[in-house]
Amino acid sequence: MTTTFVLIPGAACDSWHWHLLAAELRARGRAVVSVDLPCEDDAAGLEEYADAVAAAVAGRGRLTLVAHSFAGFTAPLVCARVPVDLLVLLAAMVPLPGEAPKEWWAATKHPDAQVRRAGRAAQRAGAGTGAEGVPEAAVPGSAADPFFQDLPPDLAAEAGVRWRRQSETPAARPWPMAAWPPVDTRFLLCRQDRLFPAPFLRTVATERLGLVPDEMEGGHFPMLSRPAELADRLEGYSTTTG
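The chain has the name Alpha/beta hydrolase in an unreviewed UniProt entry, where Streptomyces platensis is given as its organism.

Following this line, the structure appears as structure tokens:
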């Protein structure tokens, strides 16, 4: 049975943000499911996000979940719903029991509130909800862009208009698991990530999971900037899982 890579997007993202990586994996004969979450639905929280992933992979086996950024809150919930062989956290948030995502930033001592605000401004501008007073951070690929600074200009521009509106509902609700699921877990950070700097994520992974993270070059979206290299990493993880 072949491995199915299940690509779970972060906040305000969808399956488009995975399309280059998905093409790389499929070209290698791998099965891929890119999940679209109900991020614009104000009635949907983390439980509903996990339900959407579980529904998307129904009937499939040998699952490797790849959780990007905010999806670090969703993917462990999926592991409680369907059998999962491997969970890969990609530049991801790592929750503690009872912690709401909006509390995570202070609890982890995220080092730069300005970068966080810049990220939200960029997402809102791209989703059409922040058209007035657009800051430099909302210009895809600009010097202040915390997401797409390492993409070619055309790809950065397209990525910038692909943002979806992200409801605040899942951020306000406590993470409902009592502990991290007993699933083989890997953490992969990006050394030029502006949103989650490498020293910060090294600490988060070590303190919250007891893991020494693996590292690669690139910004917060390596699935767009380095899809072939990321596909190599994921294949390597899947091959050695067991």
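Still more to cover.
*Asks:* Break down helix H10 (residues 227–240) for me, citing the residues and quoting the values.
*Replies:* In an α-helix, one turn spans 3.6 residues; hence positions three or four apart end up facing the same way. With 14 residues, H10 should cover 20 Å at 1.5 Å per step; its first-to-last C-alpha distance of 20 Å lies within 8% of that length. For H10, every residue scored as buried is listed here: Pro227, Leu230, Ala231, Leu234, Glu235, Tyr237 and Ser238. When H10 is viewed along its axis, its buried side chains cluster within an angular range of 160° and face the same direction. Seen from the open side of H10, the exposed residues pointing more than 90 degrees away from its buried face are Thr239 and Thr240.

*Asks:* How would you sum up the nonpolar core? Please name residues and give values.
*Replies:* Among soluble globular proteins, nonpolar side chains are generally buried collectively. Judged by nonpolar contacts, the single largest core of 80 residues is most densely connected at Leu21, Leu65, Phe148, Leu224 and Leu234. If one sorts the elements of this core by residue count, helix H8 (residues 198–209) sits on top with six residues. In contact with Phe148, not counting residues within four places along its chain, are Pro140, Gly141, Ala156, Ala159, Gly160, Trp163, Phe221 and Leu224.

*Asks:* I'd love a proper account of the packing of aromatic side chains, names of residues and values included.
*Replies:* Going through the model one piece at a time under the given rule, you end up with 13 aromatic pairs. By the ring-pair criterion, three or more aromatic residues cluster together here, those being Trp104, Trp105, Phe196 and Phe200.

*Asks:* So what's going on with the sheet that holds strand E3 (residues 63–68)? Residues and values would help.
*Replies:* Consider a sheet: its strands pair through backbone hydrogen bonds, and that pairing is either parallel or antiparallel. Spatial strand order, E2-E1-E3-E4-E5-E6: six strands in an open sheet with parallel pairing. Only two strands of the sheet have a single partner each, and these edge strands are strand E2 (31–34) and strand E6 (214–216). Put simply, the sheet's adjacent strands are angled 20° from each other on average, direction ignored. Sheet topology places strand E1 (residues 4–8) next to E2; four bridges connect them, and they run parallel. Bridging from a neighbouring strand, Thr4 pairs with Ala31 of E2. Helix-sheet contacts for helix H1 (residues 19–27) involve E1 and E2, and the interaxial angle to E2 is about 160°. In this fold H8 packs onto strand E4 (86–90), strand E5 (185–190) and E6, with an angle of close to 165° to the strand it touches most, E5.

Parameters and conventions
Residues numbered from 1 in each chain as written. Predicted model: local features only at pLDDT ≥ 70, side-chain atom pairs only at ≥ 80, totals over all residues. Heavy atoms only, no water. Helix = DSSP H or I, 4+ residues; strand = E, 2+ residues; numbered from the N terminus. Expected span 1.5 Å × (residues − 1). Buried < 20%, exposed > 50% of the residue type's maximum accessible area, 1.4 Å probe, protein only. Arc of directions from axis to C-beta. Core = buried A, V, L, I, M, F, W, Y, C linked by side-chain atoms within 4.5 Å. Contact = heavy atoms within 4.5 Å. Phe/Tyr/Trp six-rings, centres within 6.5 Å; stacked < 30°, edge-to-face > 60°. Pairing = 2+ DSSP bridges. Axes fitted to C-alpha atoms, helices over the stretch in contact; angles between N-to-C directions.

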